[in-house]
Amino acid sequence: MGFYLGIDFGTSGARAIVIDAKRQIQAERQLEFTESSDWSQCWQTTLFQLIEQIPVSLRRELSAIALNGTSSTVLLCDRSGNPITPPLLYNDARGRDTLEEIRAVAPPQQITLSATSSLAKLRWWYHHLQPADTPLYFLHQADWLAFQLHGKLGVSDYHNALKLGYDVENLCYPEWLEPLTAPFKLPQVLAPGTPVGEILPPMRDRFHFPPDCLVCAGTTDSIAAFLASGATSPGEAVTSLGSTLVIKLLSHTRIDEAASGIYSHRLGNLWLVGGASNTGGAVLRHFFSDVELAELSQQINPEQPSPLDYYPLLQPGDRFPINDPNLPPRLEPRPNNPVDFLQGLLEGIARIEALGYQRLQALGATPLTRVYTAGGGAKNLTWMRMRDRYLNVPVIPSPQTEAAYGSALLSYKNFS
Ligand code: ADP
């Protein structure tokens, strides 16, 4: 029986999940990153330590591996794949000064027009690195980590490459990008999950993998988390109720509205349309501990709507579903009873979620049929019932929420 390994590199650590051909989890391991001044070294060490923790009986029968990294975490490497400068992490906004030169040639609404985009980081390196006499490969975190296993330098996937400017509709780098990216070598872009190559012999021997174990093109952490839910049909969506509210809807049509933070990832012949609001669990945590949230929620009657009309934010401004940098938080009047206050907050967030899906559909996305839920708020069943009422479609917890599980599914798709 074959096994499939998904590895997730997140913001604070990495996780590995092995599934079997029935998609059942056979092993799960997790490691926190140690505080590091050398990120690429830390990632490589973590990758190898994680693999070592997987039972060798599973490793011996591994059919395929896929990896996901944080979106827009990027590296510059020499022709041997050695990083020549520290990586720039997902949230590094030093590329903000390059946006004017991108704006001068990129189409309006282009997703690269953000201070943290991969392209803005590439441009920052262009201005701040000494010219090198060796070709420099521009890679994403997931590309570089997979390279450690398959040894083919300069291969990426169209999820990671979106914020580099890759044209996911026509599956090519657009012409406008060329003058911005020279002299760097951009990765060849494959569909996520495409087999890139067999495991390198030294890796095979070190970790006891079979020689025909395939290493596949990866994805980003948030798409891997979406894949983990098992949503596959247009109209199915995943709401992530973490610190912020993030929604992703599988759609026949593509939607991009940069000003509202709405953009689309390609998913085979479909589109994964998403938006993120500043509301979410961070507002709940400002007023209540997790224990209080669980206890007070049980005292709420989800069938009885609250008269409060909140727009829960910690500071003014939202991008989606209402695009207004000055949008004021609406948290008044505040009732004395904490149960009533919490109900107002949960309903406020539920209304914003519903408005988000309405906005995506108003822009042409496939109508919503079902919402899976991930993140810290997913376990709140009272909230789920309220959201059910606002969304008018079944709302269910994601059976799996770990990005590593999504990547394992990605590596399995060639075999299913
Ligand atoms: P992130 O990874 O985005 O930081 P998590 O997915 O870990 O967030 O979720 C944490 C959030 O979940 C916190 O902001 C917290 O307020 C919220 N949360 C925790 N327990 C509950 C609950 N029972 N009901 C609603 N929200 C909850």
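What counts and how
Residues numbered from 1 in each chain as written. Predicted model: local features only at pLDDT ≥ 70, side-chain atom pairs only at ≥ 80, totals over all residues. Heavy atoms only, no water. Near = heavy atom within 4 Å. Polar contact = N/O pair within 3.5 Å; in protein donor to acceptor, adjacent residues only side chain to side chain. Areas by Shrake-Rupley, 256 points an atom, 1.4 Å probe, with all protein chains shown as cover. Helix = DSSP H or I, 4+ residues; strand = E, 2+ residues; numbered from the N terminus. Salt bridge = Lys/Arg side-chain N within 4 Å of Asp/Glu carboxyl O. Buried < 20%, exposed > 50% of the residue type's maximum accessible area, 1.4 Å probe, protein only. Phe/Tyr/Trp six-rings, centres within 6.5 Å; stacked < 30°, edge-to-face > 60°. Lys NZ or Arg CZ within 6 Å of the ring centre and 35° of its normal. Contact = heavy atoms within 4.5 Å.

## With respect to the site of the ligand
Here is step 1 of the chain: Close to the ligand lie 14 residues; S243, G281, G375, G376 and N380 are nearest.
Here is step 2 of the chain: One of the backbone nitrogen or oxygen atoms of G376 is found 2.9 Å away from an oxygen atom of the ligand.
Here is step 3 of the chain: In the model, a nitrogen atom of the ligand is placed 3.0 Å from a nitrogen or oxygen of the N380 side chain.
Here is step 4 of the chain: Considered on its own, the ligand offers 590 Å² of accessible surface; in the complex 73% of this is hidden by protein.
Here is step 5 of the chain: Of all the secondary-structure elements, those providing two or more residues to the shell around the ligand are α9 (281–287) and α10 (290–297).
Here is step 6 of the chain: Sorting elements by how many residues they give to the shell around the ligand places α9 first, with four residues.

## Here's the deal with the pattern of salt bridges
Here is step 1 of the chain: Applying the stated rule across the entire model yields 19 salt bridges.
Here is step 2 of the chain: R103 is the salt-bridge partner of E100, the closest N and O atoms lying 2.5 Å from each other. Here E100 and its partner R103 are both found in helix α3 (residues 99–105), three residues apart, which amounts to about one turn of the helix.
Here is step 3 of the chain: Residue D205 is joined to R204 by a salt bridge in which the shortest nitrogen-to-oxygen separation is 3.0 Å.
Here is step 4 of the chain: For D205, a relative accessible area of 49% gives the class partly exposed.
Here is step 5 of the chain: Here the salt bridges do not stand alone but share partners, grouping D309, R330, E347, R351 and R389 into one network.

## A word on the packing of aromatic side chains
Here is step 1 of the chain: All chains considered together, the criterion is met by 12 aromatic pairs.
Here is step 2 of the chain: Following the ring pairs from residue to residue traces out a cluster consisting of F9, F33, W39 and W43.
Here is step 3 of the chain: When the ring centre of Y126 is taken as origin, the NZ or CZ atom of R123, which lies over that ring, is 4.3 Å away.
Here is step 4 of the chain: The ring centre of F341 lies 4.1 Å from the NZ or CZ of R334, which sits over that ring.

## Focus: the environment of Q41
Here is step 1 of the chain: Looking at the element boundaries, Q41 is found in helix α1 (residues 39–53).
Here is step 2 of the chain: Accessibility expressed as a relative area gives 41% for Q41, which makes it partly exposed.
Here is step 3 of the chain: In this structure, the C-alpha to C-alpha distance between Q41 and E236, residues 195 residues apart in sequence, is 39 Å.

## Overview of the environment of P367
Here is step 1 of the chain: With respect to the helices and strands, the residue P367 is situated in the loop between α11 (338–362) and β16 (370–374).
Here is step 2 of the chain: Overall, P367 belongs to the exposed group, its relative accessible area being 54%.
Here is step 3 of the chain: It is 9.4 Å that separates the C-alpha atoms of P367 and L250, two residues lying 117 residues apart in sequence.
Here is step 4 of the chain: Here P367 is in contact with G235 and Q361, once residues within four sequence places are set aside.

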